[in-house]
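Understanding the architecture of this molecule
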Amino acid sequence: MVATSLPPSFTLADIRELYHLRWGIETAFRDWKYTLGLVNLHGKSDAFAEQEIYASLTAFNFASRVCNEVVVRQPKNGVYAYKVNFKMAVMLCKEFLRTPRTDGEQLLEKIARHTVPIRPNRQDERNLKVKGFAGFVYRVAA
């Protein structure tokens, strides 16, 4: 079942194509949200929440750019091709930005050590968990 506000002239094939074109945006948003911890914002004010979103977007763009520069060695007799583990790359990029006088080449080497196999057509069952409320109890002064 598809609910849409598109005009009736759009066929199911057209809607399927639009959804397919948007899929890359959806997966990038998922990576941004979960990898950089934007599931729960930590600010009370709108300005701080906006600042947190822009900071995480900048970190995401930086890590994405760095990951594009990493050379991943592929095994000669391996079953799968390998790609960079993006979550680990984000963590290493954050560490890189926090540490003064660090070397960019070392960052690329560290990221290249953390790879994951590319498994096409993988069908894992989704592990859904109910998420509770993330309260602000840690802010209460005793």
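Further up the page is the structure itself.
Before going into details, it helps to say that this report is about the structure given with it. These numbers come from a predicted model, not from an experiment.

Another point: the packing of helix H2 (residues 46–69) against helix H3 (residues 86–98). Viewed as axis vectors pointing N to C, H2 and H3 meet at an angle of 110°, and their least axial separation amounts to 9 Å. The angle between the axes of H2 and H3 places the two elements in the roughly perpendicular class. In contact with Phe60, Phe62, Ala63, Ser64, Val66 and Cys67 of H2, H3 contributes Phe86, Ala89, Val90, Cys93, Phe96 and Leu97. Residue composition of the contact of H2 with H3, grouped by class: 11 nonpolar, one polar and no charged.

Another point: a nonpolar patch on the surface. A surface patch of nonpolar side chains, about 340 Å² in accessible area, is lined by Leu6, Phe10, Leu18 and Leu21. Relative to the assigned elements, Leu6 resides in the segment before helix H1 (12–35).

Its 24 residues place the ends of H2 35 Å apart at the C-alpha level, agreeing with the 34 Å of an ideal helix rising 1.5 Å per residue. Those residues of H2 that are buried lie in contact with H1, strand E1 (81–84), H3 and helix H4 (104–113).

Right, let's talk about the packing of aromatic side chains for a bit. Within this structure, the stated rule accounts for four aromatic pairs. Note on Phe29 and Trp32: the rings are 5.7 Å apart at their centroids and 70° apart in plane angle, and the pair reads as edge-to-face. Residue Phe29 and its partner Trp32 are located together in helix H1, separated by three residues, close to a single helical turn. Accessibility expressed as a relative area gives 14% for Trp32, which makes it buried. A cation sits over an aromatic face here: Arg119 above Tyr80, 5.6 Å from the ring centre.

As a further point, take the environment of Asn68. Structurally, Asn68 can be placed in helix H2. With 49 residues separating them along the chain, Asn68 and Tyr19 place their C-alpha atoms 26 Å apart.

Let us now look at unusual backbone geometry. Non-glycine residue Arg101 carries a positive phi angle of around 55°. The topology assignment puts Arg101 in the loop between H3 and H4. On the accessibility criterion, Arg101 (83% relative accessible area) is exposed.

What counts, and at which threshold
Residues numbered from 1 in each chain as written. Predicted model: local features only at pLDDT ≥ 70, side-chain atom pairs only at ≥ 80, totals over all residues. Heavy atoms only, no water. Axes fitted to C-alpha atoms, helices over the stretch in contact; angles between N-to-C directions. Helix = DSSP H or I, 4+ residues; strand = E, 2+ residues; numbered from the N terminus. Parallel < 35°, antiparallel > 145°, perpendicular 65-115°, else oblique. Contact = heavy atoms within 4.5 Å. Nonpolar A, V, L, I, M, F, W, Y, C, P; charged D, E, K, R; others polar. Patch = residues over 30% accessible without salt bridge, like charges linked within 9 Å, V, L, I, M, F, W, Y side chains within 5 Å. Areas by Shrake-Rupley, 256 points an atom, 1.4 Å probe, with all protein chains shown as cover. Salt bridge = Lys/Arg side-chain N within 4 Å of Asp/Glu carboxyl O. Expected span 1.5 Å × (residues − 1). Phe/Tyr/Trp six-rings, centres within 6.5 Å; stacked < 30°, edge-to-face > 60°. Buried < 20%, exposed > 50% of the residue type's maximum accessible area, 1.4 Å probe, protein only. Lys NZ or Arg CZ within 6 Å of the ring centre and 35° of its normal.

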